[in-house]
Amino acid sequence: MFLPIVAYGDPVLKEVADDISSDHPNLKELIENMYETMYASHGVGLAAPQIGKSIRVFVIDCSTFEEDEPELSGFKKTFINAEILEEEGDAWLFKEGCLSIPEVREEVSRHPKITIRYCDEDFVEHTESYEGLAARVIQHEYDHIEGVLFTDYLSPLRKRMIKRRLEDIRDGKIKSEYRMRFYKSKRRKR
Ligand code: NI
C-alpha cells in the first residue's frame, strides 16, 4: 500500500525518532509498505518519519547507482534502531534530494565511510561498515530518524535561494508526482 509522504514543514520530520521493540505491531506490513512507497515515488531510501511515524526504521535500495558502483546492484536493506558509531574520511560533496522536499537538489558534504549498528527485519543485530554511495544514502536516511533534513546543512546563501520553494512545499502549493501529506492542509482540516 502506498503511504502518502510527509512534506517538508511537518514537525514529525524534526523529531528524534524512538527505538521500537521486536513486537512492534504490524512491523512486517509497515516495512513492506515503506518499500512499496519508496519504489512508487522513485526514491533510493525512505525513513518512517516521512510516512508520519516517529520510529527508528528506514529502508534503502541503492540499485539505481549500479552504473557508478556495480556492487550496489540489488543492494536493498532495512535498518531498525540504527545507530551510527563512526564516520570517517575526508568529507565529499554529492547532490542530494529527498522525497519530502520534491525538486530541491543541493550538494551536501558528508564523510565517505561509516560504521553502523542496527537490527534487520528479524531483529538480528549487525554492525557493518559502508562506503561511497551506500554510506551516503544511509547517512541521509539516518538523519531522518535523528530529525535532520539535508537542507539543514546548507549555507545561509543556499538556504535563502531555496526558501521560497521550501515555503511552497510546506504550504502544499506544489504538485508532486506522488501523493504527499502537507502539514498546513492537515491543520486546516482540524
Ligand atoms: Ni530524505
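As shown above, the structure is provided for reference.
Residues numbered from 1 in each chain as written. Predicted model: local features only at pLDDT ≥ 70, side-chain atom pairs only at ≥ 80, totals over all residues. Heavy atoms only, no water.

**Points about a negative patch on the surface**
To be explicit about the condition: Here, patches come from residues exposed beyond 30% relative accessible area and free of salt bridges, joined within 9 Å for like charges and within 5 Å for nonpolar side chains (Val, Leu, Ile, Met, Phe, Trp, Tyr). Under the convention used here, a 1.4 Å probe and the Shrake-Rupley method define accessible areas, while residue burial counts only the protein chains that appear. The term salt bridge refers to a pairing of a side-chain nitrogen on Lys or Arg with a carboxyl oxygen on Asp or Glu at a separation within 4 Å. Only four residue types enter the charge count: Lys and Arg as positive, Asp and Glu as negative, with His and the chain ends excluded. Note on charges: their place is set at NZ of Lys, CZ of Arg, CG of Asp or CD of Glu. Under the DSSP-based scheme used, a helix requires at least four consecutive residues in state H or I and a strand at least two consecutive residues in state E, with every element numbered from the N terminus.
Judged by side-chain charge, Glu29, Glu32, Glu36 and Glu121 come together as a negatively charged surface patch. Mapped onto the secondary structure, glutamate 36 falls in helix 1 (residues 27-40).

**Quick look at the packing of aromatic side chains**
Which entries qualify depends on this criterion: Pairing of aromatic rings covers Phe, Tyr and Trp, the last counted by its six-membered ring, and requires centre-to-centre distances within 6.5 Å; plane angles under 30 degrees mean stacked, over 60 mean edge-to-face, and any other angle means tilted. Throughout, exposure labels follow a simple rule: accessible area from a 1.4 Å probe, protein chains only, divided by the maximum for the residue type, with under 20% read as buried, over 50% as exposed, and the rest as partly exposed. A positively charged side chain is recorded as over a ring if its NZ (Lys) or CZ (Arg) lies within 6 Å of the ring centre. The angle to the ring normal must also be within 35 degrees.
Summed over the entire model, instances satisfying the criterion amount to seven aromatic pairs. Aromatic pair tryptophan 92 and phenylalanine 94: ring centres 5.6 Å apart, planes at 50 degrees, arrangement tilted. The class of tryptophan 92 is partly exposed, set by a relative accessible area of 25%. Over the aromatic face of tryptophan 92 sits the side chain of arginine 136, whose NZ or CZ is 4.4 Å from the ring centroid.

**Notes on the coordination of the nickel ion**
Heads up, the condition is: Distances decide who is a donor: an N, O or S atom must be within 2.8 Å of the metal, or within 3.2 Å for Na, K and Ca. Water is not included, so sites may look incomplete.
Summarising the metal site, the nickel ion is bound by the protein donors Cys98 (SG), His140 (NE2) and His144 (NE2), whose distances to it range over 2.1 to 2.3 Å. Positions of the donor residues of the nickel ion, expressed as sequence spacing, correspond to C-x41-H-x3-H. Placement of the pair is cysteine 98 in the loop between strand 5 (92-96) and strand 6 (106-110) and histidine 140 in helix 2 (residues 132-145), with a sequence separation of 42 residues. One exposure class covers both cysteine 98 and histidine 140, and it is buried.

**Observations concerning the sheet that holds strand 2 (residues 45-47)**
In sheet architecture, strand pairing relies on hydrogen bonds along the backbone and comes in two forms, parallel and antiparallel. Put simply, the rule reads: For two strands to be treated as a pair, DSSP must find no fewer than two bridges joining them. All axes here are fitted lines through C-alpha atoms, helices being fitted over the stretch that makes contact, and every angle between N-to-C directions spans 0 to 180 degrees. By definition, residues are in contact when any of their heavy atoms lie within 4.5 Å.
With antiparallel pairing, five strands are arranged side by side in an open sheet as 2-3-4-7-8. The open sheet has two edge strands, strand 2 and strand 8 (125-131), and neither has a second partner. The average angle at which neighbouring strand axes cross in this sheet is 40 degrees, direction not considered. Packed on one face of the sheet, helix 1 meets strand 2, strand 3 (57-61) and strand 4 (76-88) and runs near 40 degrees to strand 3. Along the sheet face, helix 2 touches strand 2, strand 3, strand 4, strand 7 (113-119) and strand 8 and points at about 155 degrees away from the line of strand 3.

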